[in-house]
Amino acid sequence: MTDDRSPYLLWTPEGAPRSGRFDDVYFSRQDGLAETRAVFLDGCGLPDAWAGRGDFTVGELGFGTGLNIAALLELWRREGPADGRLHLFSIEAFPLSRDEAARALAAWPQIAPEAQALLDVWPQATPGFHRLDLPAYRATLDLAVGDAAWALAQWDGRADAWFLDGFAPSTNPGMWSDAVMDGLQTRSAPGARLATFTVAGAVRRGLAQRGFAVDKRPGHGRKRERLEARAPGAAAPPPTPGLTAVIGAGIAGASLARALTRLGRPVVVIEAEAPGAGGSGFAAGLVTPRLDIGDGAIAALYAQALRRAGDLYATVPEAVTARGVLQLPGMARDAARFPKAAAQDIWATEALKVLDAPAASRRLDEPVDEDGLWMAPALAVRPRL
Ligand SMILES: C[S@@+](CC[C@H](N)C(=O)[O-])C[C@H]1O[C@@H](n2cnc3c(N)ncnc32)[C@H](O)[C@@H]1O
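Residues numbered from 1 in each chain as written. Predicted model: local features only at pLDDT ≥ 70, side-chain atom pairs only at ≥ 80, totals over all residues. Heavy atoms only, no water.

1. A closer look at the sheet that holds strand β2 (residues 17-19)
Pairing is antiparallel across the open sheet formed by 3 strands, whose spatial order is β1-β2-β3. Each edge of the open sheet carries a strand with a single partner, namely β1 (9-11) and β3 (24-25). The sheet contact formed by β1 and β2 spans 3 bridges and is antiparallel. Within β2, the residue paired with Leu-9 across the bridge is Ser-19. (Pairing = 2+ DSSP bridges. Helix = DSSP H or I, 4+ residues; strand = E, 2+ residues; numbered from the N terminus.)

This is the structure we're talking about:
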């Protein structure tokens, strides 16, 4: 049986991870970390490029084992601007499991804390955008599980630096397609730096045609050359955000204020009565996803939102009164929608499941005469503690 998203991981006799799908290694077991530092970190002019920046965004094509990002986090910890925030965006169509990544990253004790930080938040291999918080590094990682061209079109950020680390264009042209190149052009900040190990003519031409100034540089180790490129314009820090006023301290307002505060943005909350005074202060609330059968991107967003909400409520366990929610059909079309929702690949295995009427009755401990949708990661919570 084939799996659309499996990298078909193999290990070389030296212990380096190898993609069976692309028949290429993720990194060299001898000097993979040194190569990452030379090709991507130095290639993007780091740490100098982020000097004096309050926010800095790095994009990557090909998350793989997370080695590049772990090495970047280690440099950021040592040489990042004080109080600066690092935004990471990486794309991976064929994710490694956490265990596979742990085995791969164990090769680099020099970056063990950063590898562990990534492993601690390693996401499920479900398609869509996974936001992973790395507060100890003042960093967030948006990991898009999906094809590079699709993910670049979905992303609305702008990178100050790009690590182009797909497998070689000869074996993996999809990672270097016109659509990907267009995405790099659109989603680069002025003066953005790009770095890659390949000097393939098609890559150089593709970047140059889109306005990047492209330079061959001496390669790392036995590789003769590597590439650096720069987007037109001068790198400029984004304007300092002003104060945001959030009106209303219900669940939506409070969540927004919390998210902005975590990004280091100044916030004032204006509330006429008290936090949770309105509907958000009811005795019980359900944390359930909005089901969307038609639009995969929206459905994936709500699946991710449910996962993040679960992480948040795990920090206040006394607010959680029950785990798992059974949704019964509210209207006639629900009976057909439930199996379609449960079959969406955005959910972890067994997260959503249709229960027939007898199973639903047992679950509720009361008679039910219709099938229901069991949502295992959904919660019942007590808003007022
Ligand atoms: C050389 S490896 C990346 C190594 C990685 N940067 C690291 O630090 O371990 C290339 C990665 O690109 C991924 N990839 C290949 N084609 C892709 C595509 N079209 N869209 C997204 N990811 C792709 C592969 O699955 C692989 O993980």
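Next comes the rest of the description.
2. Some details on the packing of helix α2 (residues 67-79) against helix α4 (residues 112-120)
Between two packed helices, what matters for the description is the angle formed by their axes and the separation of those axes. Following both chains from N to C, one finds α2 and α4 inclined at 120°, their axes separated by 8 Å at the closest point. In terms of their interaxial angle, α2 and α4 are classed as oblique. For the crossing formed where α2 meets α4, the hand is right-handed. For the pair formed by α2 and α4, the contact residues are Ile-69, Ala-70, Leu-73, Glu-74 and Arg-77 on the first element and Glu-114, Ala-115 and Leu-118 on the second. When grouped by side-chain class, the residues that make up the contact of α2 with α4 number 5 nonpolar, no polar and 3 charged. (Axes fitted to C-alpha atoms, helices over the stretch in contact; angles between N-to-C directions. Parallel < 35°, antiparallel > 145°, perpendicular 65-115°, else oblique. Left-handed = near helix turned anticlockwise from the far one by under 90°. Contact = heavy atoms within 4.5 Å. Nonpolar A, V, L, I, M, F, W, Y, C, P; charged D, E, K, R; others polar.)

3. A few points about helix α10 (residues 334-343)
Residues of α10 that are buried: Asp-334, Arg-337, Phe-338 and Ala-341. Angularly, the buried residues of α10 cover 105° about the axis, an arc narrow enough to put them on a single face. Facing away from the buried side of α10 by more than 90 degrees, the exposed set consists of Ala-335, Lys-340 and Ala-343. For α10, the secondary structure elements touched by its buried residues are β15 (320-327), β16 (352-355) and β17 (372-381). (Buried < 20%, exposed > 50% of the residue type's maximum accessible area, 1.4 Å probe, protein only. Arc of directions from axis to C-beta.)

4. Digging into the sheet that holds strand β7 (residues 139-145)
Strands sit in the order β6-β7-β5-β4-β8-β9-β11-β10 across an open sheet of 8 strands; the sheet is mixed. The two strands at the open ends of the sheet, each matched to only one other strand, are β6 (128-134) and β10 (213-218). Averaged over all pairs of adjacent strands, the angle between strand axes in this sheet comes to 20°, irrespective of strand direction.

5. A look at the pairing of strand β4 (residues 55-61)
The buried count for β4 comes to 7 of 7 residues, which makes it a mostly enclosed element. Strand direction decides the pairing type here: β4 and strand β5 (residues 85-92), joined by 7 bridges, are parallel. Paired with Leu-61 across the strands is Ile-91, a residue of β5. With α2 bridging β4 and its parallel neighbour β5, the resulting β-α-β unit is right-handed. (Right-handed = clockwise from strand over helix to strand, strands pointing away.)

6. Remarks on the site of the ligand
Lining the immediate environment of the ligand, one finds 21 residues, of which Gly-62, Thr-65, Glu-92, Asp-147 and Asp-165 sit closest. Within the contact set of the ligand, a nitrogen atom lies 2.7 Å away from a side-chain nitrogen or oxygen of Asp-165. Across the shell around the ligand, the residue classes break down as 9 nonpolar, 8 polar and 4 charged. (Near = heavy atom within 4 Å. Polar contact = N/O pair within 3.5 Å; in protein donor to acceptor, adjacent residues only side chain to side chain.)

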